Amino acid sequence: MSGIFIERDWYESTNRICRRCRSPVWKSDNPKYSFQCLECDEDLFEFETDEQCPDYSPKVIIARYVGGITLNVGLEYVLDDDKNELVFNGQPEAETFLLSMGVASEDLEFMYFIETEHMEGVEDDGE
Ligand SMILES: [Zn+2]
């Protein structure tokens, strides 16, 4: 699954974008609305969104809960030799990498593919 963390909550990708600013939208925290746009800082109804372009493949980093336990413990990230988060051009590329490193395909569901464009504090790879 790809998505983002806001505070400690996981927001899975919705495949919808904001009609106004074209940014990906996330599930709303307000039950009256379907989605929220972080760029516009607004909750949105479904008709205020459009479908995401099917070949959209945001850059992701890979994380999982330390020890696989989700109770208030930290996330650990897949790092490169310099201890920076490895950035992949989309979830498929990240999954291929994990499989090539010997991760079992059934373990991929415990991995979080975090979309870096919408996350503060994570460096892009400078492109
Ligand atoms: Zn927006």
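Everything quoted here is computed from the prediction, not taken from an experiment.

Engineer: Got a sec to walk through the nonpolar core? Specific residues and values, please.
Structural biologist: Among soluble globular proteins, nonpolar side chains are generally buried collectively. With 16 residues, the main nonpolar core has Val-25, Val-60, Ile-62 and Phe-113 as its most contacted residues. The set of elements that each furnish at least two residues to this core consists of β5 (35–37), β8 (60–65) and β10 (112–115). Looking at this core, the element that brings in the most residues is β8, giving three residues. Mapped onto the domain boundaries, this core takes at least three residues apiece from domain 1 (2–51) and domain 2 (60–118). With near-sequence residues (within four places) excluded, Ile-62 lies in contact with Tyr-77, Val-78, Leu-86, Ala-94, Leu-98, Met-111 and Phe-113.

Engineer: Please set out the pairing of β8 residue by residue, giving values where relevant.
Structural biologist: As paired strands, β8 and β10 are joined by four bridges and run antiparallel to one another. If you follow Val-60 over to β10, its bridge partner there is Glu-115. Of the strand pairs in this sheet, β8 and strand β9 (residues 75–77) are connected by three bridges, and their pairing is antiparallel. Bridge pairing in β9 places Arg-64 opposite Glu-76.

Engineer: I'd like a description of the confidence of the model for the protein, backed by residues and values.
Structural biologist: Summing up the model confidence of the protein, the mean pLDDT is 89 and the portion of residues at 70 or higher is 88%. Here residues 121–127 is a poorly scored stretch, pLDDT under 50, and it has eight contacts once near neighbours within four places are set aside; other chains count.

Engineer: With reference to specific residues and values, describe unusual backbone geometry.
Structural biologist: For Asp-41, which is not glycine, the phi dihedral falls at a positive 55°. Its place among the elements puts Asp-41 in the loop between β5 and β6 (42–44). Given 7 C-beta atoms within 10 Å, Asp-41 falls into the exposed group. Located in the positive-phi region is Lys-83, a residue other than glycine, with phi close to 65°.

Engineer: Please provide a residue-by-residue account of the sheet that holds β6, values included.
Structural biologist: If you walk across this open sheet you meet the three strands as β4-β5-β6, and the pairing is antiparallel. Every interior strand has two partners, whereas the edge strands, β4 (26–27) and β6, have only one. Pairing analysis gives three bridges linking β5 to β6, with the strands arranged antiparallel. Bridged to Gln-36 within β6 is Asp-43.

Calculation criteria
Residues numbered from 1 in each chain as written. Predicted model: local features only at pLDDT ≥ 70, side-chain atom pairs only at ≥ 80, totals over all residues. Core = buried A, V, L, I, M, F, W, Y, C linked by C-beta atoms within 7 Å. Buried ≥ 20, exposed ≤ 12 C-beta atoms within 10 Å, placed from the backbone. Helix = DSSP H or I, 4+ residues; strand = E, 2+ residues; numbered from the N terminus. Domains from an automatic or database assignment. Contact = placed C-beta atoms within 7 Å. Pairing = 2+ DSSP bridges. pLDDT = per-residue confidence, 0-100.

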